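Structural description and commentary
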Number of protein chains: 2
Amino acid sequence: MQALWLENQQLELREVPKPNRPDEALIRIRKAGICSTDLELVKGYYPFTGIIGHEFVGEVVDAPDKSWIGQRVVGEINAVCGTCEACMNGRPTHCENRTVLGISNRNGVFAEYTTLPLKNLYRVPDSVSDEAAMFTEPLAAALEIQEQIKFQKADRVLLIGAGRLGQLIAQTLALTSCDLHVVARNSHAQQLLAARGIKVIADSDVQSQKWDVVIEATGSTEGFTLARRAVRPRGTMILKSTYAGDMSVNISSIVVDEITVLGSRCGPFEPALRLLETREVDPSGLISDQYKLGDAFKAFEKAAQPGVLKVLLEI
Amino acid sequence: MQALWLENQQLELREVPKPNRPDEALIRIRKAGICSTDLELVKGYYPFTGIIGHEFVGEVVDAPDKSWIGQRVVGEINAVCGTCEACMNGRPTHCENRTVLGISNRNGVFAEYTTLPLKNLYRVPDSVSDEAAMFTEPLAAALEIQEQIKFQKADRVLLIGAGRLGQLIAQTLALTSCDLHVVARNSHAQQLLAARGIKVIADSDVQSQKWDVVIEATGSTEGFTLARRAVRPRGTMILKSTYAGDMSVNISSIVVDEITVLGSRCGPFEPALRLLETREVDPSGLISDQYKLGDAFKAFEKAAQPGVLKVLLEI
């Protein structure tokens, strides 16, 4: 089968054998999405070799439990052991022995087929389109924030970044009663937010040390610096993006201002699918372009352009 | 009066006028302590000019309310406005208009006299010696950790650093039911901990990614690196020390491991004084040396030596 292979920070379309893992579900990929983590992987943020891609919707074509065959599914990207300390203590996404779809020791979804354990799969409700279902994984990641902290009605919340992930974070936070403002530079991103009644604020209007919670979703040093400036003493900075390389940070100011800095990664699939089913979150409008797998290089080029939201691969 | 003056990172013993602020209590300093923050101020961590020093026990010699005269007191170091947003929201130590004793816009205590607002003062119980009372401020800072997070019985807690502040943190954490281990290099520091039944662990024995809570109290890059290595995914790193300069940090790993990084500074005086009165915390044994104010340079040299705990100035 054709697959998009990453090795030594080089992408290559190559023919690879169809996966053969009888202990896992064999999934034919229908749509897959390019995420900023994919772009970072190509930049070398983590030394992965194999088929990349982890956002997908597909159809089960074989499985240890045959009742799954024909089901349209999305999949939790962390394949876990179930027996390590993290798994036994309710932190399966931090499994010490995990493999991660298209990110770590497990081939991903920019290919005709992938495999995942059955326990990773979630059936997609019929009313949710392939395009919408493809957003389940990043939407779950957006919801992880609300697993970590509870928002209060009076909370002044600043979201920095309104890209692929930022838009989903904005939509999920808008469902809480916090006072949300989003820093969005791109006019299309601003329009998408405004259309949902979400307040947009310019960088230059962000007050220093005033925001109870600041969420950084740009993955840039500039975004981190703005977040640090905006958060109030004893406030919380939530970091939603991975950054290639180390960053120079003034740790003393974090001590003096008693800031909480909180890393945030993968989140829960079930509420993500529910929000797509009820249309409380609507990712239509977040798709910038769609390419065939054979045009994956063009798709990656497009996804790397500023202001571009989700780029899909049709497999 | 004689005072230890800091200007352009240079310490100088100089004659300065006795302070004259009729709206505040005039306090004759009895004992003062040298803190790592004082050493950092001399290194330039914050551009303070004036009399340094903030840990003290003294006697009120004049005050707007005369009933305070003759009282032996310790003092909260943040002098606050009471009307800004931070003050009005229960975060007075983060007052936007604060001055900080011997640290920011307010002359400190390495002098014959200082002044503080009456609301900053706490009477010292008769049973608490001058030497013990002098530890109230750093002990309050140690207790701030327990204001920020609640320790559970099963929590594996690693404290890195058993110096001036580390010893007090160790004693306060030992009063909780957490499973505490302390990284202490100096043999005297190890003995002090062992004498109180507190477990000591060598750097090389610290397991990676195993500790629920890690407290960094060395203020060194090395300590920060060990803390980052030791904390488990979804664990908490508490930073108790200020660091001169910026530090290079791998932010992505904090995101991927969903670490909470929490800065921690000044804490509550009342429980600190109670713990000294009940002797549940005993700072005797933490005093390395005592000097006259005229020998302040020698005192600072001594305090900067590795393994040295608290150095007092007798005023």
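These figures come from a predicted structure and were not determined experimentally. (Residues numbered from 1 in each chain as written. Chains lettered and ligands numbered in written order. Predicted model: local features only at pLDDT ≥ 70, side-chain atom pairs only at ≥ 80, totals over all residues. Heavy atoms only, no water.)

**Observations regarding the overall build of chain A**
A tally of regular secondary structure across chain A gives 10 helices and 19 strands. Its C-alpha atoms give chain A a radius of gyration of 19 Å, within 12% of the compact-globule value 20 Å for 315 residues. Taken along the three principal axes of its C-alpha coordinates, chain A extends 55 × 45 × 40 Å. Expressed as a percentage of its 315 residues, the buried residues of chain A come to 58%. When contacts within chain A are restricted to residue pairs at least 6 apart in sequence, long-range pairs at least 24 apart make up 67% of them. Carbon and sulfur atoms make up 47% of the accessible area of chain A, which amounts to about 12600 Å² in all. (Helix = DSSP H or I, 4+ residues; strand = E, 2+ residues; numbered from the N terminus. Rg over C-alpha atoms; globule rule 2.2 N^0.38 Å. Buried < 20%, exposed > 50% of the residue type's maximum accessible area, 1.4 Å probe, protein only. Contact = heavy atoms within 4.5 Å. Areas by Shrake-Rupley, 256 points an atom, 1.4 Å probe, with all protein chains shown as cover.)

**Notes on the relation of the copies chain A and chain B**
Both copies of the chain are tied together by a single rotation about an axis and a shift running along it. Between the two copies, chain A and chain B, the superposition gives an RMSD of 0.0 Å; the rotation angle is 180° and the shift along the axis is 0.0 Å. This pairing of chains is accounted for by a two-fold axis. With an isologous cut-off of 70% or more, the 100% of interface residues of chain A that recur at the interface of chain B puts this contact in the isologous class. (Least-squares fit on C-alpha atoms with pLDDT ≥ 70 in both.)

**Section: the sheet that holds strand β2 (residues 10-15) of chain A**
Residues and elements named next belong to chain A. Taking strand neighbours across the sheet as the criterion, the 3 strands line up as β2-β1-β4 in an open arrangement whose pairing is antiparallel. Among the strands making up the open sheet, the edge pair consists of β2 and β4 (50-51). Where strand β1 (residues 2-7) lies against β2, 6 bridges are found, and the strand directions are antiparallel. What sits directly across from Leu6, in β2, is Leu11. Strands β1 and β2 of the sheet are contacted by helix α10 (residues 296-303), whose axis makes an angle of about 155° with β2. (Pairing = 2+ DSSP bridges. Axes fitted to C-alpha atoms, helices over the stretch in contact; angles between N-to-C directions.)

**Re the packing of aromatic side chains**
In total, this model carries 4 aromatic pairs over all chains according to the counting rule given. Note on A:Phe110 and A:Phe300: the rings are 6.0 Å apart at their centroids and 85° apart in plane angle, and the pair reads as edge-to-face. You can see A:Phe110 sitting in the loop between β8 (99-100) and β9 (113-116) and its partner A:Phe300 sitting in helix α10, a full 190 residues away along the chain. Here the two residues A:Phe110 and A:Phe300 agree in accessibility, since each one is buried. B:Lys18 extends its terminal NZ or CZ atom over the ring of B:Tyr113, reaching a point 4.6 Å from the ring centre. Sitting above the plane of the B:Trp68 ring, B:Arg123 keeps its charged end 4.2 Å from the centroid. (Phe/Tyr/Trp six-rings, centres within 6.5 Å; stacked < 30°, edge-to-face > 60°. Lys NZ or Arg CZ within 6 Å of the ring centre and 35° of its normal.)

**As for the sheet that holds strand β17 (residues 260-263) of chain A**
The strand order β13(A)-β12(A)-β11(A)-β14(A)-β15(A)-β17(A)-β17(B)-β15(B)-β14(B)-β11(B)-β12(B)-β13(B) describes an open sheet built from 12 strands, whose pairing is mixed. Each edge of the open sheet carries a strand with a single partner, namely β13 (199-201) of chain A together with β13 (199-201) of chain B. Across this sheet, the average inter-strand angle for adjacent strands is 20°, counted without regard to direction. Examined bridge by bridge, strand β15 (residues 231-239) of chain A and β17(A) share 4 bridges and lie parallel to one another. When the sheet's bridge partners are listed, A:Ile238 is paired in β17(A) with A:Leu262.

**Quick notes on the state of the cysteines**
Residue and element names in this part refer to chain B. Applying the stated criterion across every chain, the model contains 0 disulfides over all chains. With no disulfide of its own, Cys81 lies closest to Cys95 among cysteine sulfurs, the gap being 3.6 Å. Cys35 supplies the cysteine sulfur nearest to Cys266, a cysteine that is in no disulfide, at a spacing of 9.4 Å. In this structure Cys266 comes out as buried when scored by relative accessible area, which is 8%. (Disulfide = S-S within 2.5 Å.)

**Observations regarding the domain arrangement of chain A**
Residue and element names in this part refer to chain A. Split by domain assignment, chain A resolves into domain 1 (2-135 + 283-314) and domain 2 (142-263). Relative to domain 2, the C-alpha centre of domain 1 lies at a distance of 27 Å. Facing the 16 residues of domain 1 at the interface are 11 residues of domain 2. Both sides of the domain 1 and domain 2 interface together cover about 1100 Å² of buried area, and 58% of this is carbon and sulfur. Considering only the surface of domain 1 that becomes buried against domain 2, Tyr45, Leu286 and Leu309 emerge as the three largest contributors, covering 43% of it. For the interface between domain 1 and domain 2, the tally reads 0 salt bridges. Applying the counting criterion to the domain 1 and domain 2 interface returns 4 residue pairs in polar contact (both at pLDDT 80 or more). Looking at which element gives the most residues to the side of domain 1 that touches domain 2, the answer is helix α1 (residues 36-43), with 4 residues. Here the side of domain 1 that touches domain 2 is composed, by residue class, of 10 nonpolar, 4 polar and 2 charged. (Domains from an automatic or database assignment. Buried area = accessible area lost by both parts, 1.4 Å probe. Salt bridge = Lys/Arg side-chain N within 4 Å of Asp/Glu carboxyl O. Polar contact = N/O pair within 3.5 Å; in protein donor to acceptor, adjacent residues only side chain to side chain. Nonpolar A, V, L, I, M, F, W, Y, C, P; charged D, E, K, R; others polar.)

**Regarding the nonpolar core**
All names here are of chain A. Counting residues in each nonpolar core, the largest one holds 46 residues, and the members touching the most others are Phe151, Val157, Leu159, Ile169, Leu180, Val182 and Ile215. The leading source of residues in this core is helix α4 (residues 136-148), at 6 residues. No fewer than three residues from each of domain 1 (2-135 + 283-314) and domain 2 (142-263) sit in this core. Once you skip the residues sitting within four places of it in the chain, Ile215 turns out to touch Ile145, Phe151, Val157, Leu158, Leu159, Ile160, Ile169, Leu173, Ile238 and Lys240. (Core = buried A, V, L, I, M, F, W, Y, C linked by side-chain atoms within 4.5 Å.)

**Overview of α4(A)**
Think of an α-helix as turning once every 3.6 residues; residues three or four places apart then point the same way. Residues and elements named next belong to chain A. Under the 1.5 Å per step criterion, the end-to-end length of α4 is 19 Å for 13 residues, consistent within 8% with the ideal 18 Å. At Ala142, α4 shows its largest bend, some 25°. Across the 13 residues of α4, 10 count as buried, placing the element largely inside the fold. Taken together, the buried positions of α4 are Thr136, Glu137, Pro138, Leu139, Ala140, Ala141, Ala142, Leu143, Glu144 and Ile145. (Expected span 1.5 Å × (residues − 1). Bend = angle between axes of the 7 residues up to and from the residue.)

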